[in-house]
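Observations on the three-dimensional arrangement
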Amino acid sequence: MHTSDLTQTELKLLEAVKRGELVDFSIENESPIPANTWGEERIIRAQIIVELFISQTNDLLVHPKGVRIKAARITGRLDFEDLTLKFPLILKNCWFDEDIVLTGADAVLLNFSGSRVRNVFAERLNLKGTLFVNDGFVCEGLFELRDSYIGRSVNAQGAQFKNGSKTVFNGRRMVVHGGVYFALKFSSIGEIDLIDAKIGGTVSFNGATLENPSGYTLIGDRAVIKGGLYLNEKFTSNGKVSLILGQISGGLVCDEAIFVNPGKGVLNAAGISVAGAVIFSRAVVKGTINISFATVGGTIDFAYATLECPGGMIFDAQELTTKSTIFLGKKFKGIGSINLIGANIGGALICKDSQFMQENGEAFNATRVNIKHDFIFESSKIEGSLILSNGEIGGDFYMARVCSEGLTVLTGLKVEGDLNCSGASFKKKDNNDQIGWKGFRTNNIVFVAAGIDVKRTFHWRDIQIASEGMVVLLNGKVGQLFDDLKSWPSKGKLIIENFSYSSFHNSVINIRERIEWLRRQEEFSPQPYEQVVKVLRSVGHDKYARRVARAKQNDLRKRGKLGIPEKCWNLFLDVTIGHGYQVYRILIAAAIITILGTIVFSRANQLGIMTPVKETQPGFNAFIYSLDVFLPIVDLKQEVYWLPIHGGSFYMTYYWVHIFLGWLITTLAVVGLTGIVKKD
């Protein structure tokens, strides 16, 4: 470098560099005007800056503070490719006419804060200190840091990166010992690439705005972040964010974030591993969040968030594993489907005071979910189907005061605590496309708990069901049943076949209502009656048990599949012995017939019709004679000595009728007393 070839501005730079001083060309209160309007007094050739680092002669020494320039226009290509920068390079608020090249370079510190550049090529850069591209820094092309090493951190707070729909920041496979900060009103147009990057500290996009509607705004697949990833403070992404198979040692925090990509994915973090919490509280999302097959060590919080993807999926957490609780409550609003199929939740699932809407489809699908503690769905509204088939809940399941306008499916669900549906409302919108439940002929089913297993109490009280709504508890099993009649659907809309329970919660049994409940079955099934009888007898209510058992037989005749002969026999048993539960009826009939016989045979004796059939006989006694003729086998020493032989056919005919009725009634009495016809 020959000083004769330098401009006055460049000579000024040389003197300042020797003394370690800042060369400041800024003007106080200067408005942001294009640098091409700046005069020669603010122009420095890029090659002069490069030679300051490579020409270490006695006349050209660089102070340890390095090269420090502010508000200059740098002309030409600033090319440090494969060079070593032993001193800091600080170029603040400068305007670069051409690219900056740091490919393969070694540097101690780089500061371009507030500057405006086209492209920065720093692939394989080895930087011992911090890279500053903050405080209004503008890159109008590609900022390339692929395969680079940053010894401290990357500070891009308040910067702007613009490259249309192309990659605007390429940090693929870069290693940063500290944090990476794209925060404080940072903005980008294009794709930020952090694929396979390794970040030793925090990555922050707090308050940032990322734009790339046709592609990715941020892609960090397989990135390893030792701190947390923060997308807070009105962070906005207009496009897709991808964090597939990423590893975050802290939390993924998106409090008050805004994600926009209508009808498509806004955040794909499938298979991600997050050691801390995943926070989307107060977030506004228009598109799909995917954390399927992810592992989360802390809570997952969507409190007060709004997620929208009408007709599509808003939250896909299939096969998710979290050690803590998932919050989808506190005024959470979801328009679209939530997928928790096969999720494993180490804490509770809380969906209290929320809205879930997906008309004509699945609003909430948690098939095979495993929840270690409670599932709280209390006071929420759901439009669409709620599905928890074959899931497991380690605590209580609260559906109290839920307003459901779709199908609720709890088939095969296991609940270790209570299932509380008290105060809930189950309706179904009139729509032929509404999801049904296979195996039944109607699409009016609103609640299906076939095969459910509740260890403690099933609460079914103060419930509202649509007039045509149907409830299915087929093959279900609960510990205790706590219900009221008004909460069950109308007649013909209830399926409780093989539904079992060990007791009723109610201390006072209203047997009429319990029988009415049984008669609301869609089709007659004897098992529900037998289950009620079993429970009543277990607590000493034998009288009520007999009433239910008799009601079963009568309903079998009225609603069961019996032929005419079977129905006639059933009616006969009911009238005579109450199906074996009211044997006193036949005893009364026996008494009446005995008294009638006494009258008839007494009159016959008065008319001289009673004729002795042996030479010696005891005196005639009409009552004893009637009883002796009526009772089979028993010999009271009257019938064998007297017969109504004379006096016409009436008395003899009555004699044979009396014998027949005796055999019949005695047989029925034996049948009733021995319980042969009882089938509890």
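Please read these numbers as outputs of a predicted model, since none were measured by experiment. (Residues numbered from 1 in each chain as written. Predicted model: local features only at pLDDT ≥ 70, side-chain atom pairs only at ≥ 80, totals over all residues. Heavy atoms only, no water.)

Looking at the overall build of the chain
A count of helical and extended segments in the chain gives 9 helices and 63 strands. In terms of C-alpha radius of gyration, the chain reaches 45 Å, well past the compact-globule figure of 26 Å for 680 residues. Across its three principal directions, the C-alpha atoms of the chain cover 170 × 35 × 35 Å. Burial analysis of the chain (680 residues in total) assigns 55% to the buried set. In the chain, 75 side chains carry a positive charge and 68 a negative one; their mean positions are 8 Å apart. (Helix = DSSP H or I, 4+ residues; strand = E, 2+ residues; numbered from the N terminus. Rg over C-alpha atoms; globule rule 2.2 N^0.38 Å. Buried < 20%, exposed > 50% of the residue type's maximum accessible area, 1.4 Å probe, protein only. Lys, Arg positive; Asp, Glu negative; His and termini not counted. Charge placed at Lys NZ, Arg CZ, Asp CG, Glu CD.)

Observations concerning the packing of aromatic side chains
Centre-to-centre distance and the angle between the planes together describe a pair of aromatic rings. Going through the model one piece at a time under the given rule, you end up with 41 aromatic pairs. Arranged with centres 5.4 Å apart and planes meeting at 45°, the rings of Phe161 and Phe186 form a pair that is tilted. Of this pair, Phe161 sits in strand β20 (residues 160-170) while Phe186 is found in the loop between β22 (180-181) and β23 (187-193), placing the two residues 25 residues apart along the sequence. The exposure class assigned to Phe161 is buried, which follows from its relative accessible area of 1%. Take Phe186: its relative accessible area is 1%, and that puts it in the buried class. Positioned over the ring face of Tyr216 is Lys240, at 4.4 Å from the centre of the ring. (Phe/Tyr/Trp six-rings, centres within 6.5 Å; stacked < 30°, edge-to-face > 60°. Lys NZ or Arg CZ within 6 Å of the ring centre and 35° of its normal.)

A word on the side chain of Thr367
With respect to the element layout, Thr367 can be found in the loop between β44 (355-365) and β45 (370-371). Take Thr367: its relative accessible area is 17%, and that puts it in the buried class. Only 2.7 Å separates the side chain of Thr367 from the side chain of Asn365, close enough to count as a polar contact. Ignoring anything within four residues of it in the chain, the contact list for Thr367 reads Leu340, Ile341, Gly342, Ile387, Leu388 and Ser389. (Polar contact = N/O pair within 3.5 Å; in protein donor to acceptor, adjacent residues only side chain to side chain. Contact = heavy atoms within 4.5 Å.)

A look at the packing of helix α3 (residues 511-518) against helix α4 (residues 526-538)
Orientation of α3 relative to α4, taken along the N-to-C sense of each, is 155°, at an axis distance of 10 Å. By the angle between their axes, α3 is roughly antiparallel relative to α4. Here α3 and α4 pass one another in a crossing that is right-handed. Contacts between α3 and α4 involve Ile511, Arg514, Trp517 and Leu518 on the former and, on the latter, Pro528, Tyr529, Val532 and Leu536. (Axes fitted to C-alpha atoms, helices over the stretch in contact; angles between N-to-C directions. Parallel < 35°, antiparallel > 145°, perpendicular 65-115°, else oblique. Left-handed = near helix turned anticlockwise from the far one by under 90°.)

With respect to unusual backbone geometry
At Asp147, a position not held by glycine, the phi torsion is positive, near 60°. Note on placement: Asp147 falls in the loop between β17 (143-144) and β18 (149-150). For Asp147, a relative accessible area of 30% translates into the label partly exposed. In this model, Asn390 sits at a positive phi of 60°, which is unusual for a non-glycine residue. Residue placement: Asn390 occurs in the loop between β47 (381-387) and β48 (392-393).

Overview of helix α8 (residues 622-630)
For α8, every residue scored as buried is listed here: Ala622, Tyr625, Ser626, Asp628, Val629 and Phe630. Two or three places before Phe623, at the opening of α8, Asn621 has a side-chain oxygen 3.1 Å from that residue's backbone nitrogen.

Some details on the nonpolar core
Core analysis: the largest hydrophobic core is formed by 165 residues, its most contacted members being Phe112, Phe161, Phe205, Phe364, Phe377, Phe397 and Trp517. Here this core gets 6 residues from one element, more than from any other, and that element is helix α2 (residues 46-54). Residues in contact with Phe364, not counting those within four places in the same chain, are Leu328, Ile338, Leu340, Leu349, Cys351, Phe356, Phe375, Phe377, Ile382, Ser385, Leu386 and Ile387. Judged by nonpolar contacts, the second largest core, of 15 residues, contains Phe601, Ala604, Ala622 and Tyr651. (Core = buried A, V, L, I, M, F, W, Y, C linked by side-chain atoms within 4.5 Å.)

Looking at the pairing of strand β7 (residues 89-92)
The sheet contact formed by strand β3 (residues 67-70) and β7 spans 4 bridges and is parallel. What sits directly across from Arg68, in β7, is Ile90. (Pairing = 2+ DSSP bridges.)

With respect to empty space enclosed by the protein
Evaluated as defined, the whole model comprises 1 cavity of 30 Å³ or more. In terms of lining, the largest cavity is formed by 14 residues, of which the most central are Gly220, Ala223, Ile225, Leu229 and Leu243. Here the residues of the lining of the largest cavity are counted per class, giving 11 nonpolar, 3 polar and no charged. (1 Å grid on protein atoms, 1.4 Å probe; cavity = no way out; pocket = protein on both sides within 12 Å on 5 of 7 lines; lining within 4 Å. Points joined across faces, edges and corners; volume = space filled by probe spheres on them. Nonpolar A, V, L, I, M, F, W, Y, C, P; charged D, E, K, R; others polar.)

Description of the confidence of the model for the chain
On average, residues of the chain score 88 in pLDDT, and 90% of them are at 70 or above. Contacts from residues 431-438, a stretch scored under 50 in pLDDT, to residues over four places away or in other chains number 22 contacts. (pLDDT = per-residue confidence, 0-100.)

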